[in-house]
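Fold and geometry: a report
Next come the chains, spelled out residue by residue.
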Amino acid sequence: MSTFLTTDDYNPLIRDTTLAKVILNDDTILDEAEEMAIEEMKSYLAARFDTDAIFSAAGDDRNKAILMRLIDITIYHLWSRTIATQISKIRVDRYERAIKWLEMCARGELTPDLPIKEDEEGNPENRIRYGSNPKNKHIW
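First, a word on what this report is: a plain description of the structure on this page. (Residues numbered from 1 in each chain as written. Predicted model: local features only at pLDDT ≥ 70, side-chain atom pairs only at ≥ 80, totals over all residues. Heavy atoms only, no water.)

The next point concerns the overall build of the protein chain. Of regular secondary structure, the protein chain possesses five helices and zero strands. The C-alpha radius of gyration of the protein chain comes to 19 Å, more than 25% above the 14 Å expected for a compact globule of 140 residues. Projecting the C-alpha coordinates of the protein chain onto the three principal axes gives extents of approximately 65 × 50 × 20 Å. Counting all 140 residues of the protein chain, 35% fall into the buried class. Within the protein chain, residue pairs in contact and separated by at least 24 positions form 71% of the contacts whose partners lie at least 6 positions apart. For the protein chain, the exposed area adds up to about 9400 Å²; of that, 50% sits on carbon and sulfur atoms. Placing the 19 positive and 26 negative side-chain charges of the protein chain at their respective mean positions leaves the two points 12 Å apart. (Helix = DSSP H or I, 4+ residues; strand = E, 2+ residues; numbered from the N terminus. Rg over C-alpha atoms; globule rule 2.2 N^0.38 Å. Buried < 20%, exposed > 50% of the residue type's maximum accessible area, 1.4 Å probe, protein only. Contact = heavy atoms within 4.5 Å. Areas by Shrake-Rupley, 256 points an atom, 1.4 Å probe, with all protein chains shown as cover. Lys, Arg positive; Asp, Glu negative; His and termini not counted. Charge placed at Lys NZ, Arg CZ, Asp CG, Glu CD.)

Assignment of secondary structure puts Pro112 in the segment after helix 5 (89-107). Separated by 67 residues in the primary sequence, Pro112 and Leu45 place their C-alpha atoms 11 Å from one another.

The next thing to look at is the nonpolar core. Of all hydrophobic cores here, the largest spans 34 residues; its most connected members are Phe4, Tyr10, Phe55, Ile66, Leu70, Ile73 and Leu78. Element by element, the count of residues in this core is highest for helix 4 (residues 64-80), at nine residues. (Core = buried A, V, L, I, M, F, W, Y, C linked by side-chain atoms within 4.5 Å.)

The contact between helix 2 (residues 27-45) and helix 4 brings their axes to 9 Å, and the two run at 125°. Accordingly, the angle class assigned to the pair helix 2 and helix 4 is oblique. Like other packed secondary-structure pairs, helix 2 and helix 4 cross with a definite hand, here right-handed. Here helix 2 contributes Ile29, Leu30, Ala33, Glu34, Ala37, Ile38, Glu40, Met41 and Leu45 to the contact with helix 4, which in turn contributes Ile66, Arg69, Leu70, Ile73, Thr74, His77 and Leu78. Across the contact of helix 2 with helix 4, the residue classes break down as 11 nonpolar, two polar and three charged. (Axes fitted to C-alpha atoms, helices over the stretch in contact; angles between N-to-C directions. Parallel < 35°, antiparallel > 145°, perpendicular 65-115°, else oblique. Left-handed = near helix turned anticlockwise from the far one by under 90°. Nonpolar A, V, L, I, M, F, W, Y, C, P; charged D, E, K, R; others polar.)

Here we come to helix 2. Taking 1.5 Å per residue, 19 residues should reach 27 Å; helix 2 reaches 27 Å between its end C-alpha atoms and fits that length. Of all the positions in helix 2, only Ile29, Leu30, Ala33, Glu34, Ala37, Ile38, Glu40, Met41 and Leu45 are classed as buried. Projected down its long axis, helix 2 shows its buried positions confined to an angular sector of 165°, all on one face. Among the exposed residues of helix 2, those oriented more than 90 degrees off its buried face are Glu32, Met36 and Ser43. For helix 2, the elements touching its buried residues are helix 1 (16-23), helix 3 (51-56), helix 4 and helix 5. (Expected span 1.5 Å × (residues − 1). Arc of directions from axis to C-beta.)

Let us look at the packing of aromatic side chains. One pass over the structure, following the stated rule, counts two aromatic pairs. Look at Phe4 and Phe55: their rings are 5.2 Å apart centre to centre, the planes differ by 65°, and that puts the pair in the edge-to-face class. Taken together, the residues Phe4 in the segment before helix 1 and Phe55 in helix 3 connect sequence positions 51 residues apart. Like Phe4, the residue Phe55 is buried in the burial classification. Ring centres of Tyr76 and Tyr95 lie 4.0 Å apart, and the angle between their planes is 15°; on these two criteria the pair is classed as stacked. Separated by 19 residues along the polypeptide, Tyr76 in helix 4 and Tyr95 in helix 5 bring together distant segments of the chain. We note that Tyr76, like Tyr95, is buried. Just above the ring of Phe4 sits the side chain of Arg62; from NZ or CZ to the centre is 5.8 Å. (Phe/Tyr/Trp six-rings, centres within 6.5 Å; stacked < 30°, edge-to-face > 60°. Lys NZ or Arg CZ within 6 Å of the ring centre and 35° of its normal.)

Here it is in structure tokens:
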């Protein structure tokens, strides 16, 4: 099991018997799926947030929104190992919502309570987005 997640973390989102069925009672499969899901989440969050601090937290210090999305992504990848038609719609929907949430965080549309990425001096790294609207051609 990854150091970020515990077996009890799965209880609100999947039954123990269902999880055991999907991983075939092989914890290494679960460990690998968790690590892949963490890396997938880091790819979205790394530009704005301190992913090392996020995924090294333990116990009650872990962000609940991150936990929920990480478990949704992990379960989706575990179900993907089975026959594609056996993946329930709720798992696909929850995975898609998790990815959409991550995309919104990456674009700065959401600001979850996560540690911000800092530079060497400990100052928050500021990403400034700039641009303009398309030029309008109003001819009357």
